[in-house]
Amino acid sequence: MRASSPQAAKMAALPEGNVRPALASLPPGPGIVSLKYLIDFDEETCRLFGKERSRLRQAGSLPGDMDLLIGATALRHGLTMLTNNSNHFRRIAGLRIESLASE
């Protein structure tokens, strides 16, 4: 999963099913070996998104909605988040993060 990219928006917009083969029009970006699956969101992802959004808003540390949705999706599916911008994602409780950049 690649965060904060046009590919992430395309991933979140696909209906039906939780995991499906990637579309040929979504090439891997820098630092990504391959993109094999697209993961869209379901009811549980929406619940996690709402819970974290509420908690982070109360703490005054709310990242952008797309970053939060991407993080909630990764959390829901037990994935490690690979990102060049771990600052926003490290705020999400329980999300495993691996940085692609030296921060």
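Residue positions are given per chain, counted from 1 along the sequence in the order it is written. Residue-level local features of this predicted model are given only where pLDDT is at least 70; pairs of side-chain atoms are given and counted only at 80 or more, and the full residue set underlies all totals for whole chains, interfaces and linings. Hydrogens and waters are ignored; side-chain quantities use all the structure's heavy atoms.

K.L.:
Looking at this model, I keep getting lost on the overall build of the chain. Mind explaining?
P.N.:
Along its length, the chain carries four helices and four strands. Helix and strand assignments come from DSSP, with helices taken as H or I runs of at least 4 residues and strands as E runs of at least 2, each series counted from the N terminus. In the chain, the succession of α and β elements from N to C terminus is α-β-β-α-α-β-α-β. Between buried and exposed lies partly exposed: a residue is buried under 20% and exposed over 50% of the maximum accessible area for its type, with that area taken using a 1.4 Å probe on protein chains only. For the chain, the proportion of its 103 residues judged to be buried stands at 31%. Working definition of accessibility: Shrake-Rupley area with a 1.4 Å probe, residue cover restricted to the visible protein chains. Surface summary for the chain: the accessible area is close to 6,100 Å², and the carbon and sulfur share equals 54%.

K.L.:
Sorry, what's going on with helix H2 (residues 43-59) here?
P.N.:
In an α-helix, one turn spans 3.6 residues; hence positions three or four apart end up facing the same way. Between its terminal C-alpha atoms H2 stretches 24 Å, which fits the 24 Å expected from 17 residues at 1.5 Å a residue. Where H2 is buried, its residues meet helix H3 (65-76). Residue Asp42 occupies the N-cap position of H2, its side-chain oxygen lying 3.3 Å from the main-chain nitrogen of Glu44. Where H2 ends, the next residue or the one after it, Gly60, has phi of about 70°, a positive value. The span expected for a helix works out to 1.5 Å for each residue beyond the first. What makes two residues a contact is simply this: any of their non-hydrogen atoms within 4.5 Å. Throughout this description, a polar contact denotes any pair of N or O atoms lying within 3.5 Å of each other; where both atoms belong to protein, one of them has to be capable of donating a hydrogen while the other can accept it, and for residues adjacent in sequence the pair is counted only when both atoms sit in side chains.

K.L.:
In this structure, what is going on with the side chain of Thr73? I would like to understand it.
P.N.:
Among the secondary structure elements, Thr73 is positioned in helix H3. Among the polar contacts listed, one links the side chain of Thr73 to the backbone oxygen of Leu69, at a separation of 2.8 Å.

K.L.:
Mind showing me how you'd approach the pattern of salt bridges here?
P.N.:
For side chains of opposite charge, pairing can occur when their charged atoms come near one another. Salt bridge, as applied in this entry: a Lys or Arg side-chain nitrogen positioned within 4 Å of an Asp or Glu carboxyl oxygen. A complete count under the given rule lists four salt bridges for this structure. One salt bridge in this structure joins Arg47 and Glu44, with 2.7 Å as the shortest N-O distance. Placement of both Arg47 and Glu44 in helix H2 is noted, with a separation of three residues, approximately one turn of the helix. Judged by its relative accessible area of 31%, Glu44 falls in the partly exposed class.

K.L.:
Is there a simple way to think about the environment of Leu100 in this case?
P.N.:
Along the chain, Leu100 turns up in the segment after strand E4 (96-99). Considering only alpha carbons, one finds Leu100 and Thr83, 17 residues apart in sequence, at a separation of 5.6 Å.

K.L.:
What should I look at first to understand the environment of Ile70 in this one?
P.N.:
Within the fold, Ile70 resides in helix H3. The buried category is assigned to Ile70, whose relative accessible area is 6%. Separated by 29 residues in the primary sequence, Ile70 and Phe41 have C-alpha atoms spaced 9.0 Å apart.

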